[in-house]
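Coordinate analysis (summary)
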Amino acid sequence: MNEFAGYAHPIRGGWWAMTRFARDSKPKPILGDGGAPIVFQDELSATKAVLTHTLAYFNGNLVCSGEIAGTSIRDVKRAAAEKHFKPREERAA
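Not measured: the values here are computed from a predicted model.

**Points about the packing of aromatic side chains**
- Across all of its chains, the model carries 5 aromatic pairs by this definition.
- Measuring from ring centre to ring centre gives 6.2 Å for Phe4 and Tyr57, while their planes differ by 55 degrees; the resulting arrangement is tilted. Taken together, the positions of Phe4 in the segment before strand 1 (5-11) and Tyr57 in helix 1 (residues 43-59) put the pair 53 residues apart, joining distant regions of the chain.
- Ring centres 5.2 Å apart and planes at 50 degrees place the aromatic pair Phe4 and Phe58 in the tilted group. Here Phe4 is found in the segment before strand 1, whereas its partner Phe58 is found in helix 1, with 54 residues between them in sequence.
- The partly exposed category is assigned to Phe4, whose relative accessible area is 37%.
- Members of the aromatic cluster, each reached through a chain of ring pairs, are Phe4, Phe21, Tyr57 and Phe58.

**Some points on the nonpolar core**
- Ala8, Ala17, Ile30, Phe40, Ala46, Ala49 and Val50 together form the largest nonpolar core, which totals 7 residues.
- Ranked by the residues each element gives to this core, the list is headed by helix 1, at 3 residues.
- Those residues in contact with Ile30 that lie beyond four places of it in its chain are Ala17, Thr19, Ala36, Pro37, Ile38, Ala49, Val50 and His53.

Cut-offs used in this document
- Residues numbered from 1 in each chain as written.
- Predicted model: local features only at pLDDT ≥ 70, side-chain atom pairs only at ≥ 80, totals over all residues.
- Heavy atoms only, no water.
- Phe/Tyr/Trp six-rings, centres within 6.5 Å; stacked < 30°, edge-to-face > 60°.
- Helix = DSSP H or I, 4+ residues; strand = E, 2+ residues; numbered from the N terminus.
- Buried < 20%, exposed > 50% of the residue type's maximum accessible area, 1.4 Å probe, protein only.
- Core = buried A, V, L, I, M, F, W, Y, C linked by side-chain atoms within 4.5 Å.
- Contact = heavy atoms within 4.5 Å.

Below you can see the structure in the form of structure tokens.
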């Protein structure tokens, strides 16, 4: 159930970095900008990407949405909450 996993998976032409978080039912490859899985040249590079990605998840620096990339989940939630407390004129702008 609340299982986490991370490993390098061999594919033709390289390696995928696979991660599974508690919210997922199965492992998924780390995706690039276009939404396609990133292909790593060797197993070590893929494993390092898994480690970096997993630590970012646990430390709260990983976001699931492309439109909020570059900020933290906390900042996005705060901005959404503050919209409810601004005067109507500011919300419309």
